[in-house]
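# Structural overview for review
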Amino acid sequence: MSQALFERASGGRHSAASAGTTPGEHVHPEVVEVMSELDIDLGGRRPRLLTRELAEGADVVVTMGCGDACPYVPGKRYIDWDLPDPKGRPIEEVRATRDEIARRVEALVEELDAAGPSSA
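Residues numbered from 1 in each chain as written. Predicted model: local features only at pLDDT ≥ 70, side-chain atom pairs only at ≥ 80, totals over all residues. Heavy atoms only, no water.

### Observations concerning the packing of aromatic side chains
Taken as a whole and assessed by the stated rule, the structure comprises 1 aromatic pair. Arranged with centres 5.6 Å apart and planes meeting at 25°, the rings of tyrosine 72 and tyrosine 78 form a pair that is stacked. (Phe/Tyr/Trp six-rings, centres within 6.5 Å; stacked < 30°, edge-to-face > 60°.)

What follows is the structure in structure tokens.
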């Protein structure tokens, strides 16, 4: 959700990559459903593993509660968004998580815009 919402909010001014410490085989159906409400199709996307190399390539690493499982790269800016995993949650809760991610992403994009072109 965060990558797709970031891409939409940034309008190509910044780039993002999404990865997790224990990625599933597919995007959770409840996530696909709530994102489709915003005309964002995640059905063809596949989760991937968060690697040190991926973190090294980022200007900002946004984590969502992965703690010590996330690779740490000295000198990188880390932001932790402590949000619930949508897997298996009722659609209303997944929708609320989506909306909270969207709010946080929009604030991050505004901050990045003020700093100049970059990636997250």
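Don't stop here, the text continues.
### Notes on the pattern of salt bridges
Evaluated as defined, the whole model comprises 10 salt bridges. Arginine 103 is the partner of glutamate 100 in a salt bridge, and the nearest nitrogen-oxygen pair spans 2.9 Å. Separated by 3 residues within a single helix, glutamate 100 and arginine 103 lie in helix H4 (residues 91-115), roughly one turn from each other. Residue glutamate 100 is classed as partly exposed on the basis of its relative accessible area, which comes to 23%. By sharing partners, the salt bridges in this structure join Glu37, Arg95, Arg98 and Asp99 into a single network. (Salt bridge = Lys/Arg side-chain N within 4 Å of Asp/Glu carboxyl O. Helix = DSSP H or I, 4+ residues; strand = E, 2+ residues; numbered from the N terminus. Buried < 20%, exposed > 50% of the residue type's maximum accessible area, 1.4 Å probe, protein only.)

### Some remarks on the side chain of arginine 98
Note on placement: arginine 98 falls in helix H4. By relative accessible area, arginine 98 is classed as buried at 5%. Leave out the neighbours within four places in its chain, and arginine 98 touches Met1, Leu5, Val34, Met35, Glu37 and Leu38. (Contact = heavy atoms within 4.5 Å.)

### Examining the packing of helix H1 (residues 2-10) against H4
Contact pair H1 / H4: the axes reach a minimum separation of 9 Å and the direction vectors enclose 45°. As judged from the angle between their axes, H1 and H4 are oblique. Here H1 and H4 pass one another in a crossing that is right-handed. Each of Ser2, Leu5, Phe6, Ala9 and Ser10 in H1 lies in contact with H4, whose residues at this interface are Arg98, Ile101, Ala102, Val105, Glu106, Leu108, Val109 and Leu112. The residue inventory of the contact of H1 with H4, partitioned by class, reads 9 nonpolar, 2 polar and 2 charged. (Axes fitted to C-alpha atoms, helices over the stretch in contact; angles between N-to-C directions. Parallel < 35°, antiparallel > 145°, perpendicular 65-115°, else oblique. Left-handed = near helix turned anticlockwise from the far one by under 90°. Nonpolar A, V, L, I, M, F, W, Y, C, P; charged D, E, K, R; others polar.)

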